[in-house]
Amino acid sequence: MEGEELIVVDREEDAERPGEERDSRSHSRPRTSSRRSAPMGSAVSTTAKVILVVELAERMSYYGLMTILEPYLKDVHKFTVPQVNTAIYAFSFWAYFTCVTGGFIADARLGRITTITYACILFIASFVLMTVSELLLGGTYQVFFASLVLVGISTGGIKSCVGPLLLQQAPGASEEANASLLRMFYWFINVGAFIGTLLSPFLHTPWGGQSYWLSFSFLLCGAVFSFCCFTCSARTLQDAPPSTSLFSDVVGTVKHAYQQRKLALAARRLRRVQDQLQEQQQQQAAEAAPAAPARPRSQTDDDSTLQRAEEGLLSPSDVELTGELPPPPPADATDDASGRASPPAAGEPAAAPYHDVNAVGQAPIHNVRNHFLQYAYESPRYGLMARHLRQTLRACAVFLFFPVYWVLAHQAPSTFVAQARLMARPDWLPHEVLIIFNTLTLVVCIPLFETFFFPQLARRGIVLRNVLRIIIGFIVQGVAMFAAMFVQFEIDRRGRYTAAATYTLHPGAERLSIWWQVPQYVLGAVSEIFASVGGIEYACSQAPQTMKSLVMSLYLLTSAAGSLASILMAPYTDYDNMSFVYTFLTATMFIATFIFTHLFQDRIYR
């Protein structure tokens, strides 16, 4: 599903040596994850299997709720299409934004097991509130939205902890075993999403679509099952005690670098003022002193000085205000053959070059800092963290384009479902259920691509590096949105919208079949296999070993940023503007892909 978490473990140690930092222009080849890995799910311990089942049940409840949000708000609470889409985007933003907070609380305060336990209790309480409100209160939307807030908080607590906790169950496992375990973890996520999206729509349809309490009860059962499995095995799980959070260290490093930068800029301004005062004093002293007789210059002096100027051995201060070149240095300081400075005698310090203004108490020009984190490099406490953080930010530059990608991906549970309302379908088929083709494609294609497609390409000498996979994923997502645009244009051609927001067919026209939506769901899932997984693998392969959790947090924030951008777009997603919205998103995705390819073209085949 869109924005889902996949933690990738490198095949090699990524910890950076103190004092080193990786340059993107270096000739060393970046490491990429090997495709010759252990079979998915090999050698899984009992505690790891329990965590996989817990995550399956939790994702089943979450995505089951996401699937029925559109029909529930539209049919029960009579929301308009833009209002429904705004609610869906806001809920998605909240769920992914709280993952950062959940990870911070688990690392620094409670530990992962305690955090997941409390989050599961809150998860159950939110679905109990939904079910009771639907049965006894008639489903007031104020209570429902309060429940959504609780679901988002609990999802952030579970989602940010369950993946790292899974890896802690095999502390001595190899990198290949961990990679196999994480692939199975991602597969279980999508299996749970498939079950939730398949069953929750059918539970509210037998009685005219007004039995949403059955769907909420089903989602409640998934939350209770997840909690029971986790608490029964909590004593056997291995968990590291809470300590200083990585996020706390990052915040402290940034704060220290910013403070040092302010001090350096203030010192530079003070030094500039002091230099100006010194120049004024020297100028006043020169005006007050009698002028010394000028030494007559010879042609030999001029030739020697010109030679030194051509060789770049003069500083700007050597040129006098009159425009004349200064005399050459004494004979004992230069070599007669070349005019260059002679090496210092034994025991004498070497003369500083003219550009090294450190000789007068200033910082040398070649040490000018071009990134604010470099101001923390010399700190014993924050120096290594500052180097690692700068390297991680440089590796995560690919994430800058992912909010555009997630804006398109977030259309699946929102505008795609609204589009299906205008299409012909069987009476037994809910219009929101076609999103199962997205999860089904992921369930089938993830092991197929990992075990067959990518290895077959590698045997033929075709290696799809991570940046190239991102580009392919972006292109496929653009094609998926183009398919949705084509369907919408065909819907508009066959009918029109009345003032009452109803769809009326033209004489002799028929509704377009709902099965025309299948390609846009399938292509969207395939794009996630390329773009989402490729982006995480690339950032993790370039970032230090100690910054993996920060990489995952930044990745999840890109999904939250995409949801936030979708909220701004939601007021224009009514049926009258749907064709324009799809056209705009398609063009934006292809333009972003072109810019991304241009910026990262040197990393496509590395």
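Residues numbered from 1 in each chain as written. Predicted model: local features only at pLDDT ≥ 70, side-chain atom pairs only at ≥ 80, totals over all residues. Heavy atoms only, no water.

A tally of regular secondary structure across the chain gives 16 helices and 2 strands. Buried residues in the chain amount to 49% of all 606 residues. Pairs at least 24 apart in sequence give 82% of the contacts found in the chain among residues at least 6 apart. Total accessible area on the chain is roughly 29200 Å²; 62% of this is exposed by carbon and sulfur atoms. (Helix = DSSP H or I, 4+ residues; strand = E, 2+ residues; numbered from the N terminus. Buried < 20%, exposed > 50% of the residue type's maximum accessible area, 1.4 Å probe, protein only. Contact = heavy atoms within 4.5 Å. Areas by Shrake-Rupley, 256 points an atom, 1.4 Å probe, with all protein chains shown as cover.)

Any two packed helices are characterised by the angle at which their axes cross and by the distance between the axes. Closest axis-to-axis distance for the helix H3 (residues 112–136)/helix H4 (residues 141–168) pair is 8 Å, and the angle between their directions is 150°. Taken together, the axis directions place H3 and H4 in an arrangement best described as roughly antiparallel. Crossing angle aside, the handedness with which H3 passes H4 is left-handed. Here the contact of H3 with H4 is composed, by residue class, of 20 nonpolar, 8 polar and 1 charged. (Axes fitted to C-alpha atoms, helices over the stretch in contact; angles between N-to-C directions. Parallel < 35°, antiparallel > 145°, perpendicular 65-115°, else oblique. Left-handed = near helix turned anticlockwise from the far one by under 90°. Nonpolar A, V, L, I, M, F, W, Y, C, P; charged D, E, K, R; others polar.)

Given a rise of 1.5 Å per residue, 22 residues ought to cover 32 Å, and the 31 Å separating the end C-alpha atoms of helix H16 (residues 578–599) matches this to within 8%. Looking at H16, one finds that the buried residues are Met578, Ser579, Val581, Tyr582, Leu585, Thr586, Met589, Ala592, Thr593 and Phe596. Tucked inside the fold, the buried residues of H16 contact helix H2 (81–110), helix H10 (402–409), helix H11 (415–420), helix H13 (466–494) and helix H15 (548–569). (Expected span 1.5 Å × (residues − 1).)

Our focus in this paragraph is the packing of H2 against H4. In contact at an axis separation of 6 Å, H2 and H4 are set at 40° when each is read in the N-to-C sense. Put simply, H2 runs oblique to H4. For the pair H2 and H4, the sense of crossing is right-handed. Residue-level inspection shows Ala87, Phe91, Trp94, Ala95, Tyr96, Thr98, Cys99, Gly102, Gly103 and Ala106 of H2 in contact with H4, the latter providing Phe145, Leu148, Val149, Val151, Gly152, Ile153, Thr155, Gly156, Gly157, Lys159, Ser160 and Cys161.

Counting 104 residues, the largest nonpolar core has Leu65, Phe127, Phe216, Phe402, Phe474 and Phe596 as its most contacted members. Ignoring sequence-local partners within four residues, the contact set of phenylalanine 127 consists of Ser61, Leu65, Val151, Phe216, Leu219, Leu220 and Ala223. Membership of the second largest hydrophobic core comes to 26 residues, among which are Ile158, Cys161, Leu165 and Leu166. (Core = buried A, V, L, I, M, F, W, Y, C linked by side-chain atoms within 4.5 Å.)

Time to look at a nonpolar patch on the surface. A surface patch of nonpolar side chains, about 560 Å² in accessible area, is lined by Val128, Val132, Leu135, Leu136, Leu137 and Trp213. For the nonpolar patch, the element with the most residues is H3, which contributes 4 residues. Mapped onto the fold, valine 132 is located in helix H3. Taking the relative accessible area as the measure of exposure, valine 132 reaches 39% and is therefore partly exposed. (Patch = residues over 30% accessible without salt bridge, like charges linked within 9 Å, V, L, I, M, F, W, Y side chains within 5 Å. Salt bridge = Lys/Arg side-chain N within 4 Å of Asp/Glu carboxyl O.)

Right, let's get into unusual backbone geometry. Not every positive phi belongs to a glycine, and lysine 78 is a case in point at roughly 60°. In this structure, lysine 78 sits in the loop between helix H1 (46–76) and H2.

Counted under the stated rule, the structure contains 6 salt bridges. Residue arginine 59 is joined to glutamate 58 by a salt bridge in which the shortest nitrogen-to-oxygen separation is 2.8 Å. When sorted by exposure, arginine 59 lands in the same class as glutamate 58, which is buried. With a shortest N-O distance of 2.5 Å, glutamate 490 and arginine 493 are connected by a salt bridge. Of this pair, glutamate 490 and arginine 493 both sit in helix H13, 3 residues apart, which is roughly one turn of the helix.

Our next topic: the environment of serine 559. Position of serine 559 among the secondary structure elements: in helix H15. Owing to a relative accessible area of 1%, serine 559 belongs among the buried residues under this scheme.

A few words now on a positive patch on the surface. On the surface, Arg261, Arg268, Arg269 and Arg272 cluster together into a patch of positive charge. By secondary structure assignment, the location of arginine 272 is in helix H7 (residues 246–288). (Lys, Arg positive; Asp, Glu negative; His and termini not counted. Charge placed at Lys NZ, Arg CZ, Asp CG, Glu CD.)

Attention now goes to the packing of aromatic side chains. All chains considered together, the criterion is met by 37 aromatic pairs. With centroids separated by 5.6 Å and ring planes inclined at 20°, the aromatic side chains of phenylalanine 93 and phenylalanine 97 adopt a geometry described as stacked. On the criterion of helical spacing, the pair formed by phenylalanine 93 and phenylalanine 97 is a turn pair, its members being 4 residues apart in helix H2. Arranged with centres 6.0 Å apart and planes meeting at 65°, the rings of phenylalanine 402 and tyrosine 405 form a pair that is edge-to-face. A residue pair is termed a helical-turn pair when its members lie 3 or 4 positions apart in one helix, as phenylalanine 402 and tyrosine 405 do in helix H10 at 3 residues. A relative accessible area of 0% places phenylalanine 402 in the buried class. We note arginine 59 situated over the ring of tyrosine 62; from NZ or CZ to the ring centre the distance is 4.5 Å. The residue whose ring lies beneath arginine 469 is phenylalanine 454, and the NZ or CZ to ring-centre distance is 4.3 Å. (Phe/Tyr/Trp six-rings, centres within 6.5 Å; stacked < 30°, edge-to-face > 60°. Lys NZ or Arg CZ within 6 Å of the ring centre and 35° of its normal.)

For the chain, per-residue confidence averages 78 on the pLDDT scale, and 76% of positions sit at 70 or higher. The low-confidence segment residues 7–37, where pLDDT is below 50, has 76 contacts with residues more than four positions distant or belonging to other chains. The low-confidence segment residues 305–368, where pLDDT is below 50, has 53 contacts with residues more than four positions distant or belonging to other chains. (pLDDT = per-residue confidence, 0-100.)

A word on the environment of valine 479. In this fold, valine 479 is placed in helix H13. The contacts of valine 479, once residues within four sequence positions are left out, are Leu523 and Phe590.

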